[in-house]
Amino acid sequence: WYSWRHLEMFWVDQNCLDGDILGNAVIHWPKLRSLDLYSNDFSVKLPPNILHDLPQLVQLQLQDNNLSGTIPKEWIDEIETRPYLDVNLQL
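Residues numbered from 1 in each chain as written. Predicted model: local features only at pLDDT ≥ 70, side-chain atom pairs only at ≥ 80, totals over all residues. Heavy atoms only, no water.

A. Local environment of the environment of Trp75. As for its placement among the helices and strands, Trp75 is situated in helix 3 (residues 73-81). Taking the C-alpha atoms as reference points, Trp75 and Asn49, 26 residues apart in sequence, are found 7.7 Å from one another. Residues contacting Trp75, with those up to four places away along its chain left out, are Leu46, Pro47, Pro48, Ile50, Leu51, Leu60, Leu62, Val87 and Leu89. A distance of 2.9 Å separates a polar atom in the side chain of Trp75 from the backbone oxygen of Pro47. (Helix = DSSP H or I, 4+ residues; strand = E, 2+ residues; numbered from the N terminus. Contact = heavy atoms within 4.5 Å. Polar contact = N/O pair within 3.5 Å; in protein donor to acceptor, adjacent residues only side chain to side chain.)

B. Layout of a nonpolar patch on the surface. There is a patch of nonpolar side chains on the surface, built from Ile71, Ile76 and Leu91 and spanning about 240 Å² of accessible area. Counting through the fold element by element, Leu91 comes out in the segment after strand 4 (86-88). (Patch = residues over 30% accessible without salt bridge, like charges linked within 9 Å, V, L, I, M, F, W, Y side chains within 5 Å. Areas by Shrake-Rupley, 256 points an atom, 1.4 Å probe, with all protein chains shown as cover. Salt bridge = Lys/Arg side-chain N within 4 Å of Asp/Glu carboxyl O.)

C. Main features of the sheet that holds strand 3 (residues 59-61). Taken in spatial order, the 4 strands line up as 1-2-3-4 in an open sheet, and their pairing is parallel. For this open sheet the edge positions go to strand 1 (9-11) and strand 4, each flanked by a neighbour on one side alone. Mean inter-strand twist for the sheet, computed between neighbouring axes without regard to direction, equals 5°. When strand 2 (residues 34-36) meets strand 3, the two strands line up parallel, connected through 3 bridges. Following the sheet pairing, Asp36 is matched in strand 3 by Gln61. (Pairing = 2+ DSSP bridges. Axes fitted to C-alpha atoms, helices over the stretch in contact; angles between N-to-C directions.)

D. Layout of unusual backbone geometry. With phi around 60°, Ser39 is a residue other than glycine that occupies positive phi space. Positionally, Ser39 belongs in the loop between strand 2 and helix 2 (50-53). You will see that Asp64, though not glycine, has its phi angle at about 60°, which is positive. By the element assignment, Asp64 lies in the loop between strand 3 and helix 3. The class of Asp64 is partly exposed, set by a relative accessible area of 37%. (Buried < 20%, exposed > 50% of the residue type's maximum accessible area, 1.4 Å probe, protein only.)

Purely geometric numbers; function is a separate question.
What follows is the structure, given as structure tokens:
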């Protein structure tokens, strides 16, 4: 997956995936516009820079995982400046 440098949409909901896809998305998929990780087994903390480092992202689905921590302040700042950005998560 990570060799797909021009990837714009990655939807893998309900696949029991885990690991650090969020952190790696920034590095490997700079053109990402939509990331759907709904209903998997992710248990990482939310990386504070992902929304800033993926400026083309318009949709992020993270609900029904085992994410820990709180919503980073950086996320709140990005959401306020990008009203078209749709972020769904559950902590």
